[in-house]
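Structural overview for review
What follows is the residue order along each chain.
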There are 2 protein chains.
Amino acid sequence: MGLREAVLAKAKAAKRTTRVLGTLSTEQKNEALLKMADALWRNRDAIFAANGEDVKEARESGVSEARIDRLALTEKRLREMMEGLRQIAGLEDPVGESLETIRRPNGLLIEKVRVPFGVIAMVYESRPNVTVDAAGLALKTGNAVVLRGGKEALKSNIALVEALQDGLKQTAVPLDALQLIDCTERESVDILIRAKDLVDLAIPRGGAGLIQRVMENSLVPVIETGVGNCHVYVDAEADYEMATKIILNAKTQRPSVCNAMETMLVHEQAAKKWLPNMIYLLQERGVEVRGCTKTQELAKACGCLNLPLAAEEDYATEYLDLVLAVKVVSDVEEAIAHIERFGTRHSEAIVTGNQVTADKFLREVDAAAVYHNASTRFTDGFEFGFGAEIGISTQKLHARGPMGLRELTSYKYIIKGQGQIRG
Amino acid sequence: MGLREAVLAKAKAAKRTTRVLGTLSTEQKNEALLKMADALWRNRDAIFAANGEDVKEARESGVSEARIDRLALTEKRLREMMEGLRQIAGLEDPVGESLETIRRPNGLLIEKVRVPFGVIAMVYESRPNVTVDAAGLALKTGNAVVLRGGKEALKSNIALVEALQDGLKQTAVPLDALQLIDCTERESVDILIRAKDLVDLAIPRGGAGLIQRVMENSLVPVIETGVGNCHVYVDAEADYEMATKIILNAKTQRPSVCNAMETMLVHEQAAKKWLPNMIYLLQERGVEVRGCTKTQELAKACGCLNLPLAAEEDYATEYLDLVLAVKVVSDVEEAIAHIERFGTRHSEAIVTGNQVTADKFLREVDAAAVYHNASTRFTDGFEFGFGAEIGISTQKLHARGPMGLRELTSYKYIIKGQGQIRG
């Protein structure tokens, strides 16, 4: 069987389960989730053995230690995955929820009801926990899922999916609802995301390159996730103590994630009073600060002589690291315009005590999440109280910001008549 | 200026207006809609003159009379467009609606609020009324719109957009919010739908070829509209009088539209009692009936000797014409399986008096609209009570079925804090 046939066979097998999946009860799905968690533990030896081989091969082929860390499974990580599945079992089931009822003058009763998408294709990189996460979230929402993880994690993913399917054996869930593309050819991704009649939705999770590739080649609807060039604007009327706390949190608490701050915008009045000390505190925590000429001047006056100049490119960069671009702006208008130009519509924050300024910022900034007096780090399905997260959408179609269970569903209209025809 | 620069300049101009558009009040938008309607009337001479040229050129280049009919403007049609704009002014404004409020234990207040998409690209064919419709729907929802109509309607569209912009002159709406790609090169479509940073959503409206082209080439999110290979299943326990009415309505009331029935599925018991007479009634109304071998036999026994055989291809075809494929099935299960195989997830109906059978069909059939005892012809924004329609989505992402004003909006999360940081 060729690559194309092999990939399509898996998508077809997944598709065939969708009718059954859509009619499972919440209890049946929850039972399957708990059994999947148990099966991970039961099959742990096989999982760790497979993961050990993946790690060994990755190390031999010179993969960076950061990526190997993402790849490696420990007992703690396995337990976290199991706990994740059990938590998903505890969440409310969105499928079947009645979203709206319309009664028409002609007697037709139109009900808008949440339904699963059908088949979701997940394309991701080296973290094997995404395999378990995606399987759990898809199952709870009545979706079949075709997984295509990173090639370094292939053996781990095969072992994990075998374990999860082992868990499904005594449940109402068909084993074919969970599919893994177990080849490493890059074309397998393209075949999957172009299978228009088989796949209802593709979700890429990973670096910008992966997301770009999926966006460009897909023929099925895609939810774009991830890139976050996030800003915090510190206004003239900010509570500077609050601003300091928020800036340190947004930049340093976990710099490698998409909701971390990449550029700080500072009102010129705030810059004079507060910026030099803020720069000092950032540098003290290991942050490399790059600034506009005004930032450089203020820093120089306070003894920091060699602050690098932030170029255009800095403002456009998602560092995902302990690096921060700083720009002094003359007002909130300039801050909003800067965000409009360089932002990626992810998370943007203002720190100010002025409600009018705050309202203008919240209204006019185009982003999934806009914050007043809080850190951008809260853009997250768990922090929003969704109980789960499949990713953070940076597009505007269907889902924006953190995507939980509800965002993995579509809807249909069920119309009940007594013989109505159109006149 | 090259084609690419010309198209991108228009998209950029539209993009620049989005911040203002998003903050307009409902009153400001409604005033603009009414003034746009007035301006169509004020500029009617220019509009009819331009349209006359389009019609003349189309006729000279051998365009079919059906397409010329879609292209030609009359005073009645102009008045309908004006009335359409005034109706949109009367509809509820979805922008700013609070969809959900989440209060977190840490004190964060998260509000999910409806917002415009930003810039919508509309790609359509020869009907000039889509120009006015799309402009009105986009404006009411706070979106800028870049229109790319069919080349036969170019002069008409230029005149219509000039008239609409004339109407905007004394309003709060920036003229640049309404853009028309006034060239006929097909590449202009590709440039528009690949302008990822400028266009937030593309909506193709027209034939299967146009939709396919947009889906394949777009880099921006697309809502797929249109193709409807719709079925009505007449069960053994149907009220045959009701079934007859529904079948005639679904096939003959307006066969050229996407929600018309293309294949009738009949339970074998219903087939024996009711099908021959139904075929007679359909043929009497000019419908060409093509059937499976069982349909042929039943027809033959009643004197209809030459009923053509329905091939595989017939079941896969959206005729949009007075042609109907018929298939006798052994039960609702076979009907659902047939729809799963050949349906386009648009509109599907069952006629039965058995509630259990009906519920199975409504639950298991995967389509935007599933009907019990009613005609498929009701899948329409006006019939659903939305007051407007930009198209009918056949995909599952974001909007499914008829799309009204709400479906032209996205949302954002507004988060209010008192200095919260993530621990």
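This one's a predicted model, so the numbers in the text were calculated from it and none came from an experiment.

Rules of the game
- Each residue is numbered by its place in its chain's sequence as written, counting from 1.
- Whichever chain is written first becomes A and whichever ligand is written first becomes 1, with later ones labelled in order.
- Reporting in this predicted model follows two pLDDT cut-offs: at least 70 for local features of residues, and 80 or more for side-chain atom pairs to be given and counted; totals over whole chains, interfaces and linings ignore these cut-offs and use all residues.
- Side-chain measures here rest on the full set of heavy atoms in the structure, leaving out hydrogens and waters.
- Counting from the N terminus, the helices are the DSSP runs of H or I reaching at least four residues and the strands are the DSSP runs of E reaching at least two.
- Atoms considered for the radius of gyration are the C-alpha atoms alone. The globule rule reads 2.2 Å times the number of residues to the power 0.38.
- Residue exposure (1.4 Å probe, protein chains only): buried if accessible area is under 20% of the type maximum, exposed if over 50%, otherwise partly exposed.
- A contact between two residues is defined here by any heavy atoms of the two lying within 4.5 Å.
- Per-residue and other accessible areas follow the Shrake-Rupley method at a 1.4 Å probe size, with only the shown protein chains counted as cover for residues.
- Lys and Arg are tallied as positive, Asp and Glu as negative. Neither His nor the chain termini are counted.
- Charged groups are reduced to one reference atom each: NZ for lysine, CZ for arginine, CG for aspartic acid, CD for glutamic acid.
- UniProt positions are given in the numbering used here, feature names are shortened, and annotations may be inferred rather than shown by experiment.
- Only buried Ala, Val, Leu, Ile, Met, Phe, Trp, Tyr and Cys residues count toward a nonpolar core, and they belong to the same one when joined by side-chain atoms within 4.5 Å.
- Reported domain spans reflect what an automatic or database domain assignment gives.
- The quantity reported as buried area is the accessible area (1.4 Å probe) lost by two parts once they are put together, taken as the sum for both.
- Any Lys or Arg side-chain nitrogen found within 4 Å of a carboxyl oxygen on Asp or Glu counts as a salt bridge.
- Each residue gets one of three labels, nonpolar for Ala, Val, Leu, Ile, Met, Phe, Trp, Tyr, Cys and Pro, charged for Asp, Glu, Lys and Arg, and polar for the others, Gly among them.
- Polar contact is defined as a pair of N or O atoms within 3.5 Å, subject to the rule that within protein one atom must be able to donate a hydrogen and the other to accept it, and that residues adjacent in sequence are counted only when both atoms are side-chain atoms.
- For two strands to pair, DSSP has to find at least two bridges joining them.
- Superposing the copies works by least squares over the C-alpha atoms of residues that have pLDDT at least 70 in both of them.
- For this analysis, a ring pair means two rings from Phe, Tyr or Trp (six-membered ring only for Trp) whose centres lie within 6.5 Å, classed as stacked if their planes differ by under 30 degrees, edge-to-face if by over 60, and tilted for the remaining angles.
- Counted as over-ring charges are cases with an Arg CZ or a Lys NZ within 6 Å of the ring centre that also lie within 35 degrees of the ring normal.
- In this description, a disulfide is simply a cysteine sulfur pair whose atoms lie within 2.5 Å.
- Expected span of a helix: the number of residues minus one, times 1.5 Å.
- Each C-beta atom gives one direction from the helix axis, and the arc is the one those directions make.
- Every angle, taken between N-to-C directions, lies between 0 and 180 degrees, and every axis is a line fitted to C-alpha atoms, over only the stretch in contact when it is a helix.

1. Examining the overall build of chain A
A count of helices and strands for chain A gives 16 helices and 15 strands. The C-alpha atoms of chain A give a radius of gyration of 24 Å, which matches the 22 Å a tight globule of 423 residues would have. Relative to its full complement of 423 residues, chain A shows a buried share of 60%. If you take every contact in chain A between residues at least 6 apart in sequence, the share linking residues at least 24 apart comes to 72%. Per element, the accessible surface of chain A, about 16300 Å² overall, is 48% carbon and sulfur. Here chain A holds 54 positive side-chain charges and 59 negative ones, and the gap between their average locations is 5 Å.

2. Brief notes about the UniProt feature "domain: Aldehyde dehydrogenase" (unreviewed entry) in chain A
As annotated in UniProt, the feature "domain: Aldehyde dehydrogenase" (unreviewed entry) corresponds to residues 5–280 of chain A in the numbering used here. Across residues 5–280 of chain A one finds 52% helix and 16% strand; the C-alpha atoms that close the span lie 59 Å apart.

3. Some thoughts on the nonpolar core
Ranked by size, the top nonpolar core spans 251 residues in total, and within it Leu40, Met122 and Met264 of chain A together with Leu40, Met122 and Met264 of chain B carry the most contacts. For Met122 of chain B, the residues in contact, after removing those within four places along its chain, are Val130, Ala134, Val145, Val146, Leu147, Arg148, Ile203, Arg205 and Ile390 of chain B.

4. Topic: the domain arrangement of chain A
Residues and elements named next belong to chain A. What the domain assignment reports for chain A is domain 1 (3–224 + 399–416) and domain 2 (230–383). The C-alpha centroid of domain 2 is placed 36 Å from the C-alpha centroid of domain 1. Counting the surface lost from both domain 1 and domain 2, the interface buries some 380 Å², and carbon and sulfur atoms represent 57% of this. Considering only the surface of domain 1 that becomes buried against domain 2, Arg400, Gly401 and Pro402 emerge as the three largest contributors, covering 84% of it. Counting every contact that joins domain 1 to domain 2 gives one salt bridge. A salt bridge links Asp366 to Arg400; the nearest nitrogen and oxygen atoms lie 2.7 Å apart. Residue classes in the side of domain 1 that touches domain 2 are distributed as one nonpolar, two polar and one charged.

5. Overview of the pattern of salt bridges
In total, this model carries 72 salt bridges over all chains according to the counting rule given. Its salt-bridge partner being Arg422 of chain A, residue Glu383 of chain B comes within 3.3 Å of it at the nearest N-O pair. Taken as a pair, Glu383 of chain B in the loop between β12 (369–374) and β13 (391–393) and Arg422 of chain A in the segment after β15 (409–420) lie in two separate chains rather than in one. Taking relative accessible area as the criterion, Glu383 of chain B reaches 22% and is therefore assigned partly exposed. A relative accessible area of 16% means that Arg422 of chain A is categorised as buried. Across the pair Asp366 of chain B and Lys396 of chain B runs a salt bridge whose closest N-O atoms are separated by 2.8 Å. One end of the pair, Asp366 of chain B, is in the loop between α16 (355–364) and β12; the other, Lys396 of chain B, is in the loop between β13 and β14 (401–403), with 30 residues separating them in the sequence. The buried category is assigned to Lys396 of chain B, whose relative accessible area is 6%.

6. Let's talk about the interface of chain B and chain A
Facing 76 residues of chain B, the contacting portion of chain A comprises 76 residues. Together chain B and chain A conceal approximately 6800 Å² of surface at their shared face, both sides included; 51% is due to carbon and sulfur atoms. In this structure, Asp200 of chain B and Lys396 of chain A form a salt bridge, with 3.1 Å as the shortest nitrogen-oxygen distance. Counting across the chain B and chain A interface gives 51 residue pairs in polar contact (both at pLDDT 80 or more). The element that contributes the greatest number of residues to the side of chain B that touches chain A is strand β15 (residues 409–420) of chain B, accounting for 11 residues. Broken down by class, the residue content of the side of chain B that touches chain A amounts to 35 nonpolar, 18 polar and 23 charged. Sheet topology places strand β12 (residues 369–374) of chain A next to β15 of chain B; five bridges connect them, and they run parallel. Residue pairing for β15 of chain B: Ala374 of chain A is matched across the bridge by Gln420 of chain B.

7. Quick word on the relation of the copies chain B and chain A
Overlaying chain B on chain A yields an RMSD of 0.0 Å, the required transformation being a rotation through 180° with an accompanying axial translation of 0.0 Å. With respect to symmetry, the two chain copies, as superposed, fit the operation of a two-fold axis. Among all residues of chain B, the minimum C-alpha distance to the rotation axis is found for His398 of chain B, at 1.8 Å. Most of the interface of chain B is mirrored in chain A, where 100% of its interface residues again form contacts.

8. What to know about unusual backbone geometry
Residue and element names in this part refer to chain B. If you check the backbone angles, Leu320 has positive phi at about 55° while not being a glycine. Position of Leu320 relative to the elements: it lies in the loop between α14 (312–315) and β10 (323–329). Leu320 gets classed as partly exposed once you look at its relative accessible area, which sits at 34%. Of note, the phi angle at His398 is positive, near 75°, even though the residue is not glycine. Counting through the fold element by element, His398 comes out in the loop between β13 and β14.

9. Observations concerning the environment of Gly22 of chain A
All names here are of chain A. You can see Gly22 is positioned in helix α2 (residues 18–22). Of the residues examined, Gly22 reaches a relative accessible area of 28% and is grouped as partly exposed. Residues Gly22 and Phe384, 362 residues apart in the sequence, show an inter-C-alpha distance of 27 Å. Setting aside anything within four residues of it in sequence, one finds Gly22 in contact with Val95, Pro116 and Gly142.

10. Considering the packing of aromatic side chains
For the coordinates displayed, the defined rule picks out 14 aromatic pairs over all chains. When the centroid spacing of 5.6 Å and the interplanar angle of 80° are considered together, the rings of Tyr411 of chain A and Tyr413 of chain A count as edge-to-face. Under the relative-accessibility criterion, Tyr411 of chain A is labelled buried at 9%. Aromatic ring contacts, followed pair by pair, group Phe384 and Phe386 of chain A together with Tyr411 and Tyr413 of chain B into a single cluster. Seen from the ring of Tyr315 of chain A, Lys327 of chain A lies directly overhead, with NZ or CZ sitting 5.9 Å from the centre.

11. Focus on the state of the cysteines
Residue and element names in this part refer to chain A. Under the criterion given, the structure shown has zero disulfides over all chains. Counting only cysteine sulfurs, Cys258 is the nearest neighbor of Cys230, a cysteine outside any disulfide, at a range of 6.9 Å. Look at Cys230 and you get buried, because its relative accessible area is 0%.

12. Side note on helix α6 (residues 75–90) of chain B
All names here are of chain B. Its 16 residues give α6 an end-to-end C-alpha distance of 23 Å, which sits within 8% of 22 Å, the value for a rise of 1.5 Å per residue. Among the residues of α6, Leu78, Met81, Met82, Gly84, Leu85, Ile88 and Ala89 are the ones counted as buried. With its buried residues spanning 150° around the axis, α6 presents them on a single face. For α6, the exposed residues set more than 90 degrees away from the buried face come down to Lys76 and Gly90. In this structure, the buried residues of α6 make contact with α3 (26–42), α4 (44–60), α7 (129–140) and α8 (154–168).

13. Looking at the side chain of Thr379 of chain B
Residue and element names in this part refer to chain B. For Thr379, the position within the fold is in the loop between β12 and β13. Within the local environment of Thr379, its side chain forms a polar contact with the side chain of Tyr371, the two groups lying 2.5 Å apart. Dropping the residues within four chain positions of it, Thr379 is found in contact with Asn259, His346, Ser347, Ala369, Tyr371, Phe384, Ile392 and Pro402.

14. So, the pairing of strand β9 (residues 288–291) of chain A
Residues and elements named next belong to chain A. Burial along β9 is one-sided: Val289 and Gly291 are buried, and none of Glu288 and Arg290, which face the opposite way, are. Examined bridge by bridge, β9 and strand β10 (residues 323–329) share four bridges and lie parallel to one another. Its bridge partner lying in β10, Arg290 is registered against Ala325.

15. Side note on the sheet that holds strand β5 (residues 178–180) of chain A
All names here are of chain A. Across the sheet, which stays open at both edges, the four strands sit in the order β5-β4-β3-β6 with parallel pairing between neighbours. Each edge of the open sheet carries a strand with a single partner, namely β5 and β6 (201–205). With strand direction ignored, the average angle separating the axes of adjacent strands in the sheet is 20°. Here strand β4 (residues 144–148) pairs with β5 via three bridges, running parallel. By the bridge assignment for β5, Leu147 is matched with Leu180.

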